[in-house]
Amino acid sequence: MNSIKKYKPLVKHFRLYSVLGTAHSSRPHFVPPHSPANEDDIDKFKEFIHNSKRLLVITGAGISTESGIPDYRSEGVGLYARSSNRPVQYQDFVKKADIRQRYWARNFVGWPMFSSVLPNKTHKILSDWEREDSLHWLVTQNVDALHYKAGSKNLTELHGSAHRVECLDCKQMISRPELQDMIKGDNPMWYSKSVDMAPDGDVQLSQEQINGFNVPSCQKCGGVLKPEIVFFGDNVPRPRVDFVFDKVKESDSLLVLGSSLEVYSGYRFVNAAHEQKKPIAIVSIGPTRADKLADIKINTKCSEILDHI
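What this report covers is the structure whose coordinates are included nearby. For clarity, every value in this text was computed on a predicted model and none was experimentally measured.

### Notes on the packing of helix H10 (residues 238–250) against helix H11 (residues 264–275)
No. 1: One way to put it is that H10 packs onto H11 with a least axis distance of 10 Å and a crossing angle of 30 degrees. For the element pair H10 / H11, the angle class is roughly parallel. Crossing of H10 against H11: the hand is right-handed. Contacts from Val 241, Val 244, Phe 245 and Val 248 of H10 reach H11 at Arg 268, Phe 269, Ala 272 and Ala 273.
No. 2: Grouping the constituent residues of the contact of H10 with H11 by class yields seven nonpolar, no polar and one charged.

So this is what it looks like as structure tokens:
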């Protein structure tokens, strides 16, 4: 279930980021208000990491907000707080052509900005931990591929990746940059723009802006194309779930970074670690669904606390 094999068509595309480094861009940041970690928090976290020999890490959208990608739930700055717009539901995408038109038009406009986002300090530190054999496995709920860009290899993308596209009919997989070129070819006279990026890479467009957009279809069979991500209302594939449960069993401790764990797909692994009596640490701004299960909860941004290790 290592995600790196799925990225082979994108290797040259992603090598650019290792050359560019991990510097922040001028994008707006979406980190909610927080206090810096105190000395007690830092000492507890250092001890937790020091005692972890087979550490499993689960990351959420809160680590990518420092790169300029908004999340859904953060107080004041998340999409739900700033807008009445909600993500597309899986069944609506599959069954309704107008929903697919709206989705792909918004995704097409947002892709250049979303795909150019760089990993931040947290992504880089986790990649370093892997190379130093301090990290047993990494599971991310994010679809932005920033862990891969930062060099992580022992990685499971729980909700898939926006950088891959699949045909729901023949199951052929293509890279998202390939699809961008296909859409350009199918829409030579269509143009729209927006700077309001959403958490999964699309942008907000009015119906007037969307009109006339031609929806891409599979070049092999003419079927419906969908990003290889788990939409709201869909389920994480069972083999992937079982694989992560196995990683929980293999680990001796669990660290959650930047996730509210409101979605059950991630929370169940924290609950499993708790049932197996494994130490659990959570670093995330604001309350999480698993606070009552954690031995350590630190309410600050991830890069700040990881930088002390």
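### Quick notes on the packing of aromatic side chains
For any pair of aromatic rings, geometry is given as the distance between the ring centres together with the angle between the planes.
No. 1: Considering all chains together, one arrives at 11 aromatic pairs under this definition.
No. 2: Plain terms: the ring middles of Phe 108 and Phe 213 are 6.2 Å apart, the flat faces sit at 45 degrees to each other, and that makes the pair tilted. Note that Phe 108 is positioned in helix H5 (residues 97–115) and Phe 213 in the loop between helix H9 (207–210) and strand S6 (225–229), a separation of 105 residues in sequence. Judged on exposure class, the residue Phe 108 and its partner Phe 213 are both buried.
No. 3: Within the aromatic cluster, the residues linked to one another by ring pairs are Phe 93, Tyr 103, Trp 104 and Phe 231.

### Remarks on the sheet that holds strand S5 (residues 173–175)
No. 1: Strand order in the open sheet formed by three strands is S5-S4-S6, and the pairing between neighbours is antiparallel. Each edge of the open sheet is held by one strand with a lone partner, namely S5 and S6. Strand-to-strand, the axes of this sheet are offset by a mean angle of 40 degrees, without reference to chain direction.
No. 2: Note: strand S4 (residues 160–167) against S5, three bridges, orientation antiparallel. Within S5, the residue paired with Arg 164 across the bridge is Ser 175.
No. 3: Each of S4 and S6 touches H5; the most contacted strand, S4, lies at about 140 degrees to it.

### A look at the pairing of S4
No. 1: Of all eight residues in S4, eight are buried, a share of seventy percent or more.
No. 2: Where S4 meets S6, five bridges bridge the pair, whose relative direction is antiparallel. Counted as the bridge partner of Val 165 is Pro 227 from S6.
No. 3: Where S4 folds back on S5, the antiparallel hairpin that results is connected by five residues, among which Lys 171 adopts a positive phi of roughly 70 degrees.

Cut-off values and rules
Residues numbered from 1 in each chain as written. Predicted model: local features only at pLDDT ≥ 70, side-chain atom pairs only at ≥ 80, totals over all residues. Heavy atoms only, no water. Axes fitted to C-alpha atoms, helices over the stretch in contact; angles between N-to-C directions. Helix = DSSP H or I, 4+ residues; strand = E, 2+ residues; numbered from the N terminus. Parallel < 35°, antiparallel > 145°, perpendicular 65-115°, else oblique. Left-handed = near helix turned anticlockwise from the far one by under 90°. Contact = heavy atoms within 4.5 Å. Nonpolar A, V, L, I, M, F, W, Y, C, P; charged D, E, K, R; others polar. Phe/Tyr/Trp six-rings, centres within 6.5 Å; stacked < 30°, edge-to-face > 60°. Buried < 20%, exposed > 50% of the residue type's maximum accessible area, 1.4 Å probe, protein only. Pairing = 2+ DSSP bridges.

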